[in-house]
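Listed below are the residues making up each chain.
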Amino acid sequence: MELLDYCRSLPKVELHAHLNGSLSDATVLKLLSAREQQDGDFLASAEVTIKRGHQRTLEECFQVFRILHSITDNLEAMQTITQDVIQEFAADNVKYLELRTTPKNIPNKMTKKEYMDTVLEATVEAMKKSNIRVCLLLSIDRARGVEDAWSTLQLAKEYLTHDVFGPLVCGLDVSGNPHSGDLKDYLPVLQEAQKCGLKLAVHLAEVSSDTETLTMLNSGLVDRIGHGTFIHPDAGGSKELHAVVRKQNLPLELCISSNIKSGTVKSACHHHLGFWKKENHPVVICTDDKGVFSTSLSEEFYLGAQTFHLSEGDLHSLCLNGVDAAFLPQVEKQKLRQEVQKDLDSLKGKLTCQ
Ligand code: IMP
Ligand code: ZN
């Protein structure tokens, strides 16, 4: 089997995918045409701004998110995008997906609770239709302030005791424009989240930010690192920072296309996957925003494999790393591991020599 087909066939685990950043062209077009009658000018400008897959600065990426949010600002759209995104990951042979999203309160349209209820209901429906297990992380957007973060945590806590949605809510994500706010202000919220049993995935060192990153890591609250682009010494990270990550053995969620297309990494061969792989540190390949960066999890595996000459064994280990780093209870994790291992065994020896 050729490498790209092989990557498509791998039983994959996706741990870092933002819902609104994961919209396919088909879904965006569906939403835009629903609005076409209402506002033609809006449609034209949105199409230009969203133009996917392009190299842009991190700031420009956040402008794209603003446009995307303006077309998903109602419950009907939220239901559509949740179902579409989950089905697309399932079609890419993703066996387990941790989807993250920022609950939003939009006056006269939806409360944060209605937003999340809709996402969770659509998730339950999508799981019935496809062979995929999905969990949700509620995102705290560092640009929205600490009050907003407290209310997101409150919402997550309410779900923990919910019969149907409880098992689907596994933790919190901290994301948003890394140039906005200071993560140390969010520590009390995250401490409370940990006390409630919520796992924490935090975007760290997406831009150079040693002090903030060290503060977060030394708090002992972080379960997984998103990106971690500027942690390793080759990218200017301090020895202390590198040592803390190694000591805590924290899995890194790596998103190659996202980093290249948003300009924080020069090219694939400069990506920190190479550094951490040499260190034998746990890393998981992820998409971040498959719509905005025009990619899929299979293509990210392919890009990583081509760039760093990954063997069949390396690719299998990457799939299993995803299982190990998942925010699932132990029993479910073991079940997932068995399923993934079974599929991996059936693929052994099928990769054509590169
Ligand atoms: P949502 O949370 O479903 O609305 O997904 C989009 C949001 O995810 C954006 O508005 C950001 O807050 C966050 N996000 C997506 N990609 C990134 C990233 O690379 N860095 C930081 N935050 C991100
Ligand atoms: Zn992200």
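Each chain carries its own residue numbering, running from 1 in the written order of its sequence. Starting at A for chains and at 1 for ligands, labels are handed out in the order in which the entities are written. At least 70 in pLDDT is required for a residue's local features to be given in this predicted model, at least 80 for side-chain atom pairs to be given and counted, and no such filter applies to totals for whole chains, interfaces and linings, which use all residues. Excluding hydrogens and water, the side-chain values take into account all heavy atoms of the structure.

As recorded in an unreviewed UniProt entry, the protein chain goes by the name Adenosine deaminase-like protein, listed as coming from Scylla paramamosain. UniProt positions are given in the numbering used here, feature names are shortened, and annotations may be inferred rather than shown by experiment. Checking UniProt for the protein chain, the heading Catalytic activity (unreviewed entry) contains the comment "N(6)-methyl-AMP + H2O + H(+) = IMP + methylamine". UniProt, in the comment section headed Function (unreviewed entry), describes the protein chain in these words: "Catalyzes the hydrolysis of the free cytosolic methylated adenosine nucleotide N(6)-methyl-AMP (N6-mAMP) to produce inositol monophosphate (IMP) and methylamine. Is required for the catabolism of cytosolic N6-mAMP, which is derived from the degradation of mRNA containing N6-methylated adenine (m6A)."

*Asks:* Hey, could you go over helix 6 (residues 112-129) for me, with residue numbers and the actual values?
*Replies:* Over its 18 residues, helix 6 runs 26 Å from end to end, which matches the ideal 26 Å to within 8%, given 1.5 Å per residue. Contact partners of the buried residues in helix 6: helix 5 (75-91), strand 2 (94-101), strand 3 (133-141), helix 7 (146-160) and strand 4 (169-175). Only DSSP runs of H or I covering at least 4 residues are called helices, and only runs of E covering at least 2 are called strands; the numbering of each starts at the N terminus. By this rule, a helix spans an expected 1.5 Å times one less than how many residues it contains. Contacts are assigned to residue pairs with any non-hydrogen atoms lying within 4.5 Å of each other.

*Asks:* With reference to specific residues and values, describe the pairing of strand 5 (residues 199-204).
*Replies:* Think of it in three bands: with a 1.4 Å probe and only protein chains considered, a residue is buried below 20% of the maximum accessible area for its type, exposed above 50%, and partly exposed in between. Of all 6 residues in strand 5, 5 are buried; the element is thus mostly enclosed. Looking at chain direction, strand 4 and strand 5 are connected through 4 bridges and run parallel. Across the sheet, Gly171 pairs through a bridge with Lys199, a residue of strand 5. Crossover connection from strand 4 via helix 8 (residues 187-195) to parallel strand 5: handedness right-handed. Pairing between strand 5 and strand 6 (residues 224-227): 4 bridges, direction parallel. Within strand 6, the residue paired with Ala201 across the bridge is Arg224. The path from the first strand over the helix to the second decides the hand: if it runs clockwise while the strands point away from the viewer, the crossover is right-handed. Handedness of the crossover joining strand 5 and strand 6 through helix 9 (residues 210-218): right-handed. Two strands qualify as a pair provided DSSP detects at least 2 bridges between them.

*Asks:* So, the coordination of the zinc ion (ligand 2): which residues are in play, and what are the values?
*Replies:* Note on the zinc ion (ligand 2): its protein donors are His16 (NE2), His18 (NE2), His203 (NE2) and Asp288 (OD). The metal-donor distances range over 2.1 to 2.2 Å. For Na, K and Ca the donor cut-off is 3.2 Å, while for other metals it is 2.8 Å, and in both cases only N, O and S atoms qualify; water is not among them, so sites may look incomplete. Each label reflects the angles at the metal, where four donors whose angles all fall between 85 and 135 degrees are tetrahedral, four or six donors whose opposite pairs open beyond 155 degrees and whose other angles stay between 65 and 115 are square planar or octahedral respectively, and the rest are irregular. Each of the 4 donor atoms around the zinc ion (ligand 2) contributes to a set of angles spanning 82 to 167 degrees, which defines the coordination as irregular. Between consecutive donors of the zinc ion (ligand 2), the numbers of intervening residues give the motif H-x1-H-x184-H-x84-D. With His16 in strand 1 (residues 12-18) and His203 in strand 5, the pair connects residues that are 187 residues apart, well separated along the chain. An identical accessibility class is assigned to His16 and His203; each is buried.

*Asks:* Give me the lowdown on the packing of aromatic side chains, citing residues and values where you can.
*Replies:* Classification of ring pairs rests on two measures: the distance between centres of Phe, Tyr or Trp rings, Trp counted by its six-membered ring, which must be within 6.5 Å, and the angle between planes, read as stacked under 30 degrees, edge-to-face over 60 and tilted in between. Counted under the stated rule, the structure contains 3 aromatic pairs. Geometrically, the ring pair formed by Tyr159 and Phe165 is edge-to-face, given 6.0 Å between the ring centres and 70 degrees between the ring planes. Exposure remark for Tyr159: the relative accessible area of 2% places this residue in the buried category. The exposure class assigned to Phe165 is buried, which follows from its relative accessible area of 7%. Across the ring face of Phe327, the terminal group of Arg224 is positioned such that the distance to the ring centre comes to 3.8 Å. Each ring is checked for a lysine NZ or an arginine CZ that lies within 6 Å of its centre and within 35 degrees of its normal; such an atom marks a charge sitting over the ring.

*Asks:* Outline the packing of helix 9 against helix 10 (residues 239-248), listing residues and values.
*Replies:* As a rule, the C-alpha atoms of each element are fitted with a line to give its axis, helices using only the stretch in contact, and angles between N-to-C directions run from 0 to 180 degrees. Two numbers describe how helix 9 lies on helix 10: the axes approach to 10 Å, and their chain directions differ by 25 degrees. With respect to helix 10, the element helix 9 is oriented roughly parallel. Crossing of helix 9 against helix 10: the hand is left-handed. Of helix 10, the residues touching helix 9 (which contributes Asp210, Thr213, Leu214, Leu217 and Asn218) are Glu240, Leu241, Val244, Val245 and Gln248. Residues are grouped as follows: nonpolar covers Ala, Val, Leu, Ile, Met, Phe, Trp, Tyr, Cys and Pro; charged covers Asp, Glu, Lys and Arg; every other residue, Gly included, is treated as polar. Taken together, the residues of the contact of helix 9 with helix 10 sort by class into 5 nonpolar, 3 polar and 2 charged. Here is the rule for angles: anything less than 35 degrees is roughly parallel, anything more than 145 is roughly antiparallel, 65 through 115 is roughly perpendicular, and the remaining ranges are oblique. If you view the pair so one helix is near and one far, a crossing is left-handed when the near helix is turned anticlockwise from the far one by less than a right angle, and right-handed when it is turned clockwise.

*Asks:* Residues and numbers for the side chain of Thr213, please.
*Replies:* Topologically, Thr213 is positioned in helix 9. Every residue in contact with Thr213, bar those within four places of it in the chain, is listed here: Leu204, Ala205, Ile231 and Leu241.

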